[in-house]
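What the coordinates show
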Amino acid sequence: MSVLETTLGHYRAGDLGIILPHEHIFVDLGPIEAESYRAADRDEVIEVMLPHIQAARVAGVTALVECTPTGVGRRVDIVKAVSEAANFPAVVATGIYREPWVPAWAQAASEAELTAWMVRELTEGIEETGVRAAWIKLSAGDDGITPVEAKILRAAAEAGRQTGAVIGSHTIRGRVVRDQLDILEGAGYRADRFIWIHTQAEPDFALHLEMARRGAWLEYDAIGSDAFSDAWFVEHIQRVVEAGFGGQLLLSHDRGWYDPSKPRGGTQLPYTYLLESFLPKLRAAGVEDATIELLTVHNPWRAFAR
Ligand SMILES: [Zn+2]
């Protein structure tokens, strides 16, 4: 029986409906040295983010995956506080972002030490929060995987192998994903437990299909952004579905969030665009309700539950 670990404890299959697989509640995108996340005001984050979570719930979202790893200001204690205030589950990650955001301790750690840390967060909990990570988030450089990123990836493969956790990677280029899958498979991890985050950033659609054929999840997670039109997403979702990979596709906004390096967390974008504006267009283009349910309910559950 698979379960999904969240900030509100674990859920079982059928407990949840629509899940947004890639959003942020709290992420520090300020200068690395400033470490603004350390001094963040928890109550202010709740005040700023609560209305957005509530609006998502009203729109029909039942959970969201918070994709902030170590290196860009992960604060699971704050995410948990927001989640509890809203009585709305968030799915959080262990793992480490790419260089130059890899903290000194992780650069110095051995692969086995990193695996042990990830397994602890996946099975016991993160820091003092009592919240278990559901999955492993990492990243790789746009031009190729650095040795430190490869170490983190191999450590994640072992932690994922031991726990069943999915690995999601912020990877902009398809050929870098190809290298990541080679490393993962070499380490005895399965490609079908890997999510290619930001797939839309790779302009060569043949690479989307190549990774899907190997078993990887594709994630179109910039829905509602200025960089990609709704028409682009409608077309590419249909092409993925027609190629037979609808069961490996995830849809999200990559929105939110409170950034502690900015006054009152900067400007937030709502988590409601997909449901309120985009899905009606997908339906109007002829995509069936059963497919939309697959993409928004069943796929995120299967990807993140373990
Ligand atoms: Zn993101």
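What comes next concerns the included structure. (Residues numbered from 1 in each chain as written. Predicted model: local features only at pLDDT ≥ 70, side-chain atom pairs only at ≥ 80, totals over all residues. Heavy atoms only, no water.)

So, on to the overall build of the chain. Scanning the chain from terminus to terminus reveals ten helices and eleven strands. Computed over its C-alpha atoms, the radius of gyration of the chain comes to 18 Å, within 12% of the 19 Å expected for a compact globule of 306 residues. Expressed as lengths along the three principal axes of its C-alpha atoms, the size of the chain is roughly 50 × 45 × 40 Å. Here the chain holds 306 residues, and 59% of them are scored as buried. Here the contacts in the chain between residues at least 6 apart in sequence split such that 76% fall between residues at least 24 apart. Working note: accessible area of the chain is about 11,900 Å², and carbon and sulfur atoms make up 50% of it. (Helix = DSSP H or I, 4+ residues; strand = E, 2+ residues; numbered from the N terminus. Rg over C-alpha atoms; globule rule 2.2 N^0.38 Å. Buried < 20%, exposed > 50% of the residue type's maximum accessible area, 1.4 Å probe, protein only. Contact = heavy atoms within 4.5 Å. Areas by Shrake-Rupley, 256 points an atom, 1.4 Å probe, with all protein chains shown as cover.)

Within the element layout of this structure, D230 appears in helix α8 (residues 230–242). Overall, the relative accessible area of 10% leaves D230 in the buried class. In terms of polar contacts, D230 uses its side chain to reach the side chain of Y273, at 2.4 Å. Discounting chain neighbours no more than four positions away, the residues touching D230 are G224, Y273, F278 and K281. (Polar contact = N/O pair within 3.5 Å; in protein donor to acceptor, adjacent residues only side chain to side chain.)

Tracing the sequence through the fold places I145 in the loop between β7 (135–139) and α5 (147–163). Sequence separation of I145 and Q180 is 35 residues, and the distance between their C-alpha atoms is 7.8 Å. Excluding residues within four positions of it along the chain, I145 makes contact with A140, A150, V176, D179, Q180 and I183.

Let's shift gears to the coordination of the zinc ion. Put simply, the ideal angle at a metal is 109.5 degrees for four donors in tetrahedral geometry and 90 or 180 degrees for six donors in octahedral geometry. Only H22 (NE2), H24 (NE2) and D254 (OD) from the protein coordinate the zinc ion, and they sit 2.1 to 2.3 Å from it. When the donors of the zinc ion are listed by position in the chain, the intervening gaps give H-x1-H-x229-D. A residue is classified by how much of its surface remains accessible, and H22, at 0% relative accessible area, is buried. The exposure class assigned to H24 is buried, which follows from its relative accessible area of 7%. (Donors = N, O, S within 2.8 Å, 3.2 Å for Na, K, Ca; no water.)

This brings us to the packing of aromatic side chains. The tally for this structure, following the rule as stated, stands at ten aromatic pairs. Relative to Y258, the ring of F26 has its centre 6.0 Å away and its plane inclined at 10°; by these criteria the two rings are stacked. Here F26 is found in the loop between β3 (18–23) and α1 (42–59), whereas its partner Y258 is found in the loop between β11 (249–251) and α9 (273–284), with 232 residues between them in sequence. Its relative accessible area of 4% is what places Y258 among the buried residues. Clustering of aromatic rings is evident, with ring pairs tying together Y220, F228, W232, F233 and F278. Seen from the ring of F205, R239 lies directly overhead, with NZ or CZ sitting 4.3 Å from the centre. (Phe/Tyr/Trp six-rings, centres within 6.5 Å; stacked < 30°, edge-to-face > 60°. Lys NZ or Arg CZ within 6 Å of the ring centre and 35° of its normal.)

For the rest of this paragraph, the subject is the pattern of salt bridges. For the structure shown, the criterion picks out 19 salt bridges. The closest approach of N and O atoms between R38 and E35, which form a salt bridge, is 2.8 Å. Take E35: its relative accessible area is 33%, and that puts it in the partly exposed class. Measuring nitrogen to oxygen at the nearest pair gives 3.0 Å for the salt bridge that ties R283 to D289. On the accessibility criterion, R283 (40% relative accessible area) is partly exposed. (Salt bridge = Lys/Arg side-chain N within 4 Å of Asp/Glu carboxyl O.)

Right, let's talk about the side chain of S252 for a bit. Within the fold, S252 resides in the loop between β11 and α9. Not counting the four nearest positions on each side in its chain, S252 is found in contact with L20, P21, H22, E23, Y220, D221, A222 and I223.

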